[in-house]
Amino acid sequence: MNFLILLVTFLLMEAITWTVHKYVMHGFLWRLHRDHHDHSTPGHLEKNDYFFVIFAIPAIALIYLGSTQGFNYLFYIGLGITLYGFAYFFVHDIFIHQRVSFLRNTTNPYLMAIRRAHKQHHKHTGKEEGECFGFLWVPVKYFQMYFNKNQQHEK
């Protein structure tokens, strides 16, 4: 049951992330997210990196509260949020934005689709007219683009 809570939380985080990205980061907290699009902050860190702290606070609180109450469901919800955060950091910061050079030349259709969708998101430097707000799941057309390309090479 605890694994199910963790898994459902991890999966729900995709919908929460999409919603927060579209309506909060591209909405009233655009001032924190803007430098991620226009690279207006010098150095390796961006104001956008505050979102890691913002998302970590409820995860830490849930893990703490759940651990003090016999490792109940709150602990596993917090753990699911934390694992999603690790996945987000790995895929978004390390793989897509190459803060660490890793998987730069991948031909994996799933990873290529995620990278392409994120590039589509970043083609808009303003907070309006955005697209592809998801993270681990992006519109099917991006997956089809690379799966079809790989199938043509196999023929």
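Cut-offs applied
Residues numbered from 1 in each chain as written. Predicted model: local features only at pLDDT ≥ 70, side-chain atom pairs only at ≥ 80, totals over all residues. Heavy atoms only, no water. UniProt positions renumbered as here; feature names shortened; annotations may be inferred. Helix = DSSP H or I, 4+ residues; strand = E, 2+ residues; numbered from the N terminus. Axes fitted to C-alpha atoms, helices over the stretch in contact; angles between N-to-C directions. Parallel < 35°, antiparallel > 145°, perpendicular 65-115°, else oblique. Contact = heavy atoms within 4.5 Å. Nonpolar A, V, L, I, M, F, W, Y, C, P; charged D, E, K, R; others polar.

An unreviewed UniProt entry annotates the protein chain as Sterol desaturase family protein originating from Sphingobacterium populi. Database annotation for the protein chain, UniProt heading Sequence similarities (unreviewed entry): "Belongs to the sterol desaturase family."

So what exactly am I meant to see when it comes to the UniProt feature "transmembrane region" (unreviewed entry) in the protein chain here?
UniProt's entry tags residues 50-66 and 73-91 with the feature "transmembrane region" (unreviewed entry), counted in the numbering of this structure. Measuring from the first to the last C-alpha atom of residues 50-66 gives 25 Å, for a span that is 100% helix and 0% strand. End-to-end, the C-alpha atoms of residues 73-91 are 27 Å apart, and along that stretch the chain is 100% helix and 0% strand.

Whenever I open this one, the packing of helix H2 (residues 30-38) against helix H5 (residues 109-122) confuses me. Can you help?
Angle between the axes and distance between the axes: these two values describe a pair of packed helices. The geometry of H2 relative to H5 is characterised by a closest axis approach of 10 Å and an angle of 110° between their N-to-C directions. One finds that H2 runs roughly perpendicular with respect to H5. Residues His-33, His-36 and His-37 of H2 form the contact with H5, whose participating residues are His-118, His-121 and His-122. Of the residues that constitute the contact of H2 with H5, the class distribution is no nonpolar, six polar and no charged.

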